[in-house]
Amino acid sequence: MQSGLYTDFTWSRNHVAASGTNQVYLLVEWRGMPGQPRNDNLGFRPVAGRIQLHLQLGAGVRLAKVYGCKAEMLNDRSFTFILGSLWQGMEKQIVLGFELTARPSGVYPVVTALWTYEDEREEQVVVSSITQSLQFSNHTAVLNKMMDKRVEKYLKLLQNPAVLENALRAFERGCYERGEEIIRRRADEMLLYAARLNDGDYLKEAELLYGLGSRFMDTYASVAAV
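Since we're looking at a predicted model, the values are computed, not measured.

S.K.: It is not clear to me how the packing of aromatic side chains should be interpreted in this structure. Could you clarify?
M.R.: Note on aromatic pairs: each is described by the distance of the centres and the angle between the planes. Applying the stated rule across the entire model yields nine aromatic pairs. Residues Tyr176 and Tyr220 carry aromatic rings whose centres are separated by 6.2 Å and whose planes lie at 40° to one another, so their mutual orientation is tilted. Remark: Tyr220 occurs in helix α3 (residues 200-225) and Tyr176 occurs in helix α2 (residues 176-197); sequence separation between them is 44 residues. Each ring, one from Tyr193 and one from Tyr202, has its centre 5.2 Å from the other, and the planes form 20°; the classification is stacked.

Set out below in structure tokens:
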């Protein structure tokens, strides 16, 4: 049975240093299959519900960062990510950061991924597992390779909730100008990327952050005045 969930994995770089001084990011994306028909008799049910991503880490791999969701740790090498539902026309992303130990040059498995979800008829679907590997190299050129632009983009966008949490803590301590400055600086950074890359997603994020900074400032200032 063909899966109704389209998934994609993109490494921040495909070649990493065999020395083990690596932090590498994996962009995980999921959406409905292109051209997937919709059964109107099913009303407003999602095309996929109760989506979960199950990861098994390879030897010498540590999950260091998670952006965009929470991880449920089963043991030091097994994780489950609860990803909710997916509606028609929607696509979602998370970014995972890994630390890798040193090893001889060659191709090594890093993670094995297994997806499970409920389809439109609320039947459980298990997607065949897939292993994501990386090339480890002693060539010094790998240290100078730039991060994949798409991975970098979603890494930056998915870091913004943590920036907002940091700003909110400043507001809650009464440091209103500091809180507004944290948000404004991040918005300026998003605007810079939008202009440099002509990317509308960065522009939308910048506008959202500017608006939130002003709203938080007005809200907390008015509460303090009372």
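S.K.: Before we go on, may I ask you to explain unusual backbone geometry in this structure?
M.R.: Note: most peptide bonds trans; most residues except glycine with negative phi. Its identity is not glycine, yet Glu122 carries a phi of approximately 60°, on the positive side. Relative to the helices and strands, Glu122 is located in the loop between β9 (106-118) and β10 (124-126). On the basis of relative accessible area, Glu122 is assigned to the exposed category, the value being 52%. For Asn198, which is not glycine, the phi torsion reads 55° and is therefore positive. Tracing the sequence through the fold places Asn198 in the loop between α2 and α3.

S.K.: Mind showing me how you'd approach α2 here?
M.R.: In an α-helix, one turn spans 3.6 residues; hence positions three or four apart end up facing the same way. Over its 22 residues, α2 runs 32 Å from end to end, which matches the ideal 32 Å to within 8%, given 1.5 Å per residue. For α2, the full list of buried residues reads Gly179, Ile182, Ile183, Arg186, Ala187, Met190, Tyr193 and Ala194. For α2, the buried positions fall inside an angular range of 120° around the axis, keeping them on one side. For α2, the exposed residues set more than 90 degrees away from the buried face come down to Glu177, Arg185, Ala195 and Arg196. Directly beyond the C-terminal end of α2, a positive phi value near 55° is found at Asn198.

What counts, and at which threshold
Residues numbered from 1 in each chain as written. Predicted model: local features only at pLDDT ≥ 70, side-chain atom pairs only at ≥ 80, totals over all residues. Heavy atoms only, no water. Phe/Tyr/Trp six-rings, centres within 6.5 Å; stacked < 30°, edge-to-face > 60°. Helix = DSSP H or I, 4+ residues; strand = E, 2+ residues; numbered from the N terminus. Buried < 20%, exposed > 50% of the residue type's maximum accessible area, 1.4 Å probe, protein only. Expected span 1.5 Å × (residues − 1). Arc of directions from axis to C-beta.

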